[in-house]
Amino acid sequence: MKLHTRISIGLVAGAIVGVAANVYAGATGSTIADSVAKLQPFGDAWIRAIMAIVIPLVVASLVVGAASLGDLRTLGRMGGKTVVYYMSTTAIAVTIGLVLSNIIKPGSGISEASKQALLASYGADAQGRIELAREAPGIGQMFLDMIPSNPIKAAADGDMLPLILFTLVFGAAASLLTGERKRVLIGFFDAINHIAMTIILWIMKLAPFAVFALIAAVTARFGSEILKSLLVYALTVVAGLALHAFGTYAIAVKFLARMRPLDFYKRIRAVPLLGFSTSSSNATLPVTIATAEQKLGVSPRVAGFVLPLGATVNMDGTALYQGVAVMFIAQVFGIDLPWTAQLAVVLTATLASVGAAGVPSAGIITLAIVLKQANVPETGIALILGVDRILDMCRTAVNVTGDLSASAFVARSEGELGEPTEEQGEAVTVTQQL
Ligand code: ASP
């Protein structure tokens, strides 16, 4: 059985167990839901194992990618295309979120009683996130922070953006090496790449069980009461995400990557599945890279460049959700956001999604920044926290799909979209298992 089938089974089985425990506990007052929620550490352990590989993999793939580009102009051109694609699709995503919220008006149906209840139950938790957002650097500081004064510390702290920038400069300098030096250097990092992929292959064997634990724990803890009062909001986010995932990307894949959209979705399906299960673009990255190379035929140097960058800076799902969340909270508080303010939201949500790390719940912290800019009360975060985990899963699935669509586009435009290596009958690879 293919791994993605087994992961899907883990996901569905986990959801059944979690929801059943939740419903049973709700009806009888038993503590079974709490017991199921205790499965979380098993899932977390698995995510930690993947995260251990992410930093070496990002460094190795970026160095190999940049060093083998040949000249700096190619690197600049590819970087330009990637950033423009990422920013444009993110801005489109926020716009979809805003348009849908203007049409559906998810916040107008919330009763005063549910509003007060939500504020009371999640107020304290929301305050914690708001504090975190206050500590977040402003735009100026964010640019300054991109330059690491100590790349090893950036790696140790998991600060991806400064690490990526340093590694790119290192790779660019390495591309100017010649002869034996260059061969040895690229060979070394290429070997690290392969080792990382082999370890991921091992870790992925446990994926179905880990996904079972993660999903069962999330659903067991989930309050269905909350979902009822926030159903329209949650559905607006999900509808927007679906539109973006199957609309925007289908168009981009067809016209920019010149690939059949159905083919694209079929080949990459394990990646959104993992994004959904882990709620983390970073944790999904190793499989994202393997899928781009082996299932889509993206050259390793394009995949190694576009995807680590994407996991960190490209978050269309997150930005779209922020657009809906801002409108929702404004509507609940009876604030009318004029179109000029909404235009500003497109800009701030696009930038905020660059600043958000590819880890669970990162988007809700940067949401506080977007709310502040739009003069919508940040305490409104309390209103949506109850369903945030589920929406985090959905938006992460879109985030990683967006990264893959970019890799196909950049590879096509650089003439580096070849036959998927899987079809060339290469040795055992991660994706053959997927
Ligand atoms: N969990 C998301 C990701 O890793 C970020 C977020 O929206 O919270 O892509």
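A brief look at the structure comes next. Please read all numbers here as calculations on a predicted model, not as lab measurements.

Description of the site of the ligand
Then, number 1: Taken together, 16 residues surround the ligand, and among them Ser281, Thr318, Gly363, Asp392 and Arg395 come closest.
Then, number 2: Side-chain polar atom of threonine 318 to an oxygen atom of the ligand: 2.6 Å apart, as the coordinates give it.
Then, number 3: Protein burial of the ligand: of its 270 Å² of free accessible surface, 100% is covered by the chains.
Then, number 4: Those elements that place two or more of their residues in the shell around the ligand are α19 (362–373) and α21 (388–413).

A word on helix α12 (residues 231–255)
An α-helical turn contains 3.6 residues, so a residue and the one three or four places further along point in the same direction.
Then, number 1: Taking 1.5 Å per residue as the helical rise, α12 with its 25 residues ought to reach 36 Å, and the 35 Å between its terminal C-alpha atoms agrees with that figure.
Then, number 2: Its axis deflected by about 25° at histidine 244, α12 carries its strongest bend there.

Some words on the nonpolar core
Then, number 1: Within the largest apolar cluster, 123 residues are counted, with the highest numbers of intra-cluster contacts made by Trp46, Met204, Tyr233, Val326, Phe328, Ile381 and Ile384.
Then, number 2: With near-sequence residues (within four places) excluded, tyrosine 233 lies in contact with Pro106, Tyr321, Val324, Ala325, Phe328, Ile384, Val387 and Leu391.
Then, number 3: Ranked by size, the runner-up nonpolar core spans 11 residues in total, among them Val59, Ala60, Ala154 and Leu185.

Overview of the pattern of salt bridges
Then, number 1: In the structure shown here, the tally under the stated rule is 7 salt bridges.
Then, number 2: Salt-bridge contacts for aspartate 388 lead to arginine 395; the nearest nitrogen and oxygen are separated by 3.3 Å.
Then, number 3: We classify aspartate 388 as buried; its relative accessible area is 3%.
Then, number 4: Between arginine 395 and aspartate 392 there is a salt bridge whose closest N-O contact spans 3.5 Å. You can see arginine 395 and its partner aspartate 392 sitting in helix α21, 3 residues apart, about one turn around the helix.
Then, number 5: Through salt bridges with shared partners, a single network forms among Arg77, Lys81 and Glu414.

With respect to a nonpolar patch on the surface
Then, number 1: Taken together, the side chains of Val99, Ile103, Ile104, Leu231, Val232 and Leu235 present a nonpolar region at the surface, about 530 Å² in accessible area.
Then, number 2: When residues of the nonpolar patch are traced back to their parent elements, those giving at least two are α4 (72–104) and α12.
Then, number 3: Residue placement: valine 232 occurs in helix α12.

Observations concerning the environment of glycine 402
Then, number 1: Structurally, glycine 402 can be placed in helix α21.
Then, number 2: The sequence separation of glycine 402 and isoleucine 251 amounts to 151 residues, and the corresponding C-alpha distance is 12 Å.
Then, number 3: Non-local contacts of glycine 402, meaning those with residues more than four positions away in its chain, are made with Tyr85, Tyr86, Tyr249 and Asn314.

A few points about the packing of helix α3 (residues 40–67) against helix α15 (residues 281–296)
Then, number 1: At a closest axis distance of 8 Å, the pairing of α3 and α15 adopts a crossing angle of 60°. The angle between the axes of α3 and α15 places the two elements in the oblique class. Here the hand of the crossing between α3 and α15 comes out left-handed. Contact residues: Ile47, Ile50, Met51, Val54, Leu57, Val58 and Ser61 in α3; Asn282, Ala283, Leu285, Pro286 and Ile289 in α15.
Then, number 2: Of the residues assigned to the contact of α3 with α15, the class counts are 10 nonpolar, 2 polar and no charged.

Structural notes on the packing of aromatic side chains
Then, number 1: Applying the stated criterion to the full structure yields 8 aromatic pairs.
Then, number 2: Each ring, one from phenylalanine 166 and one from phenylalanine 170, has its centre 6.4 Å from the other, and the planes form 35°; the classification is tilted. With phenylalanine 166 and phenylalanine 170 both in helix α8 (residues 160–175) and 4 residues apart, the pair spans about one turn of that helix.
Then, number 3: According to the relative accessible area criterion, phenylalanine 170 is partly exposed, its value standing at 36%.
Then, number 4: Between phenylalanine 264 and tyrosine 265 the ring centres are 5.6 Å apart and the planes differ by 70°, which places this aromatic pair in the edge-to-face class.
Then, number 5: Phenylalanine 264 gets classed as buried once you look at its relative accessible area, which sits at 0%.
Then, number 6: Residue tyrosine 265 is classed as buried on the basis of its relative accessible area, which comes to 17%.
Then, number 7: Taken together, the aromatic side chains of Phe166, Phe170, Phe188 and Phe189 make up a single cluster linked through ring pairs.

What about α8?
Then, number 1: An ideal rise of 1.5 Å per residue puts 22 Å on 16 residues; α8 measures up with 22 Å between its terminal C-alpha atoms.
Then, number 2: Those residues of α8 not exposed but buried are Met160, Leu161, Pro162, Leu163, Ile164, Thr167, Leu168, Gly171, Ala172, Ala174 and Ser175.

Some points on the packing of α4 against helix α18 (residues 339–355)
Then, number 1: For the pair α4 and α18, the least separation of the axes is 9 Å and the interaxial angle reads 135°. Taken together, α4 and α18 sit at an angle that is classed as oblique. Of the two possible hands of crossing, α4 and α18 adopt the one that is right-handed. Here Met87, Thr90, Ala91, Val94, Thr95, Leu98 and Asn102 of α4 lie close against α18, whose contacting residues are Gln342, Val345, Val346, Ala349, Thr350, Ser353 and Val354.

Some words on the side chain of threonine 288
Then, number 1: Along the chain, threonine 288 turns up in helix α15.
Then, number 2: For threonine 288, the contacting residues outside a window of four places in its chain are Val271, Leu307, Val400 and Leu404.

About the thresholds
Per chain, the residues get numbers from 1 upward, laid out in the order the sequence is written. At least 70 in pLDDT is required for a residue's local features to be given in this predicted model, at least 80 for side-chain atom pairs to be given and counted, and no such filter applies to totals for whole chains, interfaces and linings, which use all residues. The basis for the side-chain values is all heavy atoms of the structure; hydrogens and waters are excluded. For this purpose, a residue is taken to be near a molecule or strand whenever a single non-hydrogen atom of the residue falls within 4 Å of it. As used in this structure description, the phrase polar contact means that two N or O atoms lie within 3.5 Å; if the pair is within protein, one of them must be able to donate a hydrogen and the other to accept it, and residues adjacent in sequence are counted only when both atoms belong to side chains. Surface exposure here means Shrake-Rupley accessible area, sampled with a 1.4 Å probe, where a residue is shielded only by the protein chains that are shown. The secondary structure listing takes helices from DSSP runs of H or I that are at least 4 residues long and strands from runs of E that are at least 2 residues long, numbered from the N terminus. Helix span, expected: 1.5 Å multiplied by one less than the number of residues in the helix. Two axes enter the bend calculation: one fitted to the seven residues ending at the residue in question, the other to the seven starting there, and the bend is the angle between them. Here, the term nonpolar core denotes a set of buried Ala, Val, Leu, Ile, Met, Phe, Trp, Tyr and Cys residues that are joined through side-chain atoms within 4.5 Å. Under the scheme applied here, a residue whose accessible area is under 20% of the maximum for its type counts as buried, over 50% as exposed, and between as partly exposed, the area being computed with a 1.4 Å probe on protein chains only. Any two residues whose heavy atoms approach within 4.5 Å at even a single point are treated as in contact. Just to be clear on terms, a salt bridge is a Lys or Arg side-chain nitrogen sitting within 4 Å of an Asp or Glu carboxyl oxygen. Any residue with relative accessible area above 30% and no salt bridge may belong to a patch, with like charges joined within 9 Å and the nonpolar Val, Leu, Ile, Met, Phe, Trp and Tyr side chains within 5 Å. Angles run from 0 to 180 degrees between N-to-C directions of axes, and those axes are lines fitted to C-alpha atoms, restricted for helices to the stretch in contact. Each angle gets one of four labels, with under 35 degrees taken as roughly parallel, over 145 as roughly antiparallel, 65 to 115 as roughly perpendicular, and the rest as oblique. In this scheme the crossing of two helices becomes right-handed for a clockwise turn of the near helix relative to the far one and left-handed for an anticlockwise turn of less than a right angle. Residues are grouped as follows: Ala, Val, Leu, Ile, Met, Phe, Trp, Tyr, Cys and Pro are nonpolar; Asp, Glu, Lys and Arg are charged; all remaining types, including Gly, are polar. Two aromatic rings from Phe, Tyr or Trp, using only the six-membered ring of Trp, form a pair when their centres are within 6.5 Å; if the ring planes differ by under 30 degrees the pair is stacked, by over 60 it is edge-to-face, and anything between is tilted.

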